[in-house]
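Survey of secondary and tertiary structure
Okay, here's what each chain looks like letter by letter:
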Amino acid sequence: MRILRLTLGAILFVGGIVLTLLPGSILFVIAGLVLLSYDWPRARGWLKYSQRTMTLSARKIDRFLLMRKLR
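Quick summary incoming for the structure in this document. (Residues numbered from 1 in each chain as written. Predicted model: local features only at pLDDT ≥ 70, side-chain atom pairs only at ≥ 80, totals over all residues. Heavy atoms only, no water.)

1. What to know about the environment of I26
Worth spelling out the cut-off: Per the convention used, a helix needs a DSSP run of H or I reaching at least four residues, while a strand needs a run of E reaching at least two, with both numbered from the N terminus. Note on contacts: a residue pair is in contact if any heavy atoms of the two residues lie within 4.5 Å.
Counting through the fold element by element, I26 comes out in the loop between α1 (2–21) and α2 (27–37). Distance from I26 to Y38, taken between C-alpha atoms, is 20 Å for residues 12 residues apart in sequence. Residues contacting I26, with those up to four places away along its chain left out, are T20 and M54.

In structure tokens, the structure reads:
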């Protein structure tokens, strides 16, 4: 089960990186990191960092769009 989880996590992570460069979704990166974080402690740190970065980016975009609407 561990080998399957690591393999699937690695495939999702690498596939997510490719789809991030091309038009695609970064959710594959997050899903890959979630699977990898069960067995690889460093992936947990990357997952927390990416979640924090995505949260801050979403807040900045929301503020920008709100200010644009008010003008």
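There's more to say after this.
2. Thoughts on the environment of L70
Within the secondary structure layout, L70 lies in helix α3 (residues 41–70). Once the C-alpha coordinates of L70 and T55 are considered, the two residues, 15 residues apart in sequence, prove to be 23 Å apart.

3. With respect to the packing of aromatic side chains
Each aromatic ring pair is summarised here by two numbers: the centre-to-centre distance and the angle between the ring planes. The condition that has to hold: When the centres of two rings from Phe, Tyr and Trp lie within 6.5 Å, Trp using its six-membered ring, the rings pair. Their planes under 30 degrees apart give stacked, over 60 give edge-to-face, and anything left gives tilted. Exposure classes here rest on a 1.4 Å probe applied to the protein chains alone. A residue is buried below 20% of its type maximum, exposed above 50%, and partly exposed in between.
Per the counting criterion, the structure on display carries two aromatic pairs. Measuring from ring centre to ring centre gives 6.3 Å for F13 and W46, while their planes differ by 20°; the resulting arrangement is stacked. Of this pair, F13 sits in helix α1 while W46 sits in helix α3, and the two are 33 residues apart along the sequence. Residue F13 is classed as partly exposed on the basis of its relative accessible area, which comes to 22%.

4. Describing the nonpolar core
Quick reminder of the rule: The criterion is simple. A nonpolar core is a set of buried Ala, Val, Leu, Ile, Met, Phe, Trp, Tyr and Cys residues joined through side-chain atoms within 4.5 Å.
Membership of the largest hydrophobic core is limited to six residues, which are V29, I30, L33, L36, A43 and L47. Taken together, the elements giving at least two residues each to this core come down to α2 and α3. If one sorts the elements of this core by residue count, α2 sits on top with four residues. In this structure, I30 is in contact with L47, S50 and M54, ignoring residues within four places of it in sequence.

5. Some words on the pattern of salt bridges
Put simply, the rule reads: Just to be clear on terms, a salt bridge is a Lys or Arg side-chain nitrogen sitting within 4 Å of an Asp or Glu carboxyl oxygen.
With the rule as written, the count across this model stands at two salt bridges. Here the salt bridges share partners, and the residues they tie into one network are R2, R5 and D39.

6. Quick notes on the packing of α1 against α2
Put simply, the rule is: Axes here refer to lines fitted to C-alpha atoms; in helices the fit is confined to the stretch in contact. Angles between the N-to-C directions go from 0 to 180 degrees. Roughly parallel refers to an angle under 35 degrees, roughly antiparallel to one over 145, roughly perpendicular to one between 65 and 115, and oblique to any angle outside these ranges. Less than a right angle of anticlockwise turn of the near helix away from the far helix marks a crossing as left-handed, whereas a clockwise turn marks it as right-handed. Note that Gly is not counted as nonpolar here; it falls among the polar residues with everything else outside the nonpolar set of Ala, Val, Leu, Ile, Met, Phe, Trp, Tyr, Cys and Pro and the charged set of Asp, Glu, Lys and Arg.
Closest axis-to-axis distance for the α1/α2 pair is 7 Å, and the angle between their directions is 155°. The angle between α1 and α2 falls in the class roughly antiparallel. The two elements α1 and α2 meet at a crossing, and its hand is left-handed. Counting all contacts with α1, which are made through R5, L6, L8, G9, A10, L12, F13, G16, I17, L19 and T20, the residues of α2 involved are F28, V29, A31, G32, L33, L35 and L36. A class-by-class count of the residues in the contact of α1 with α2 yields 13 nonpolar, four polar and one charged.

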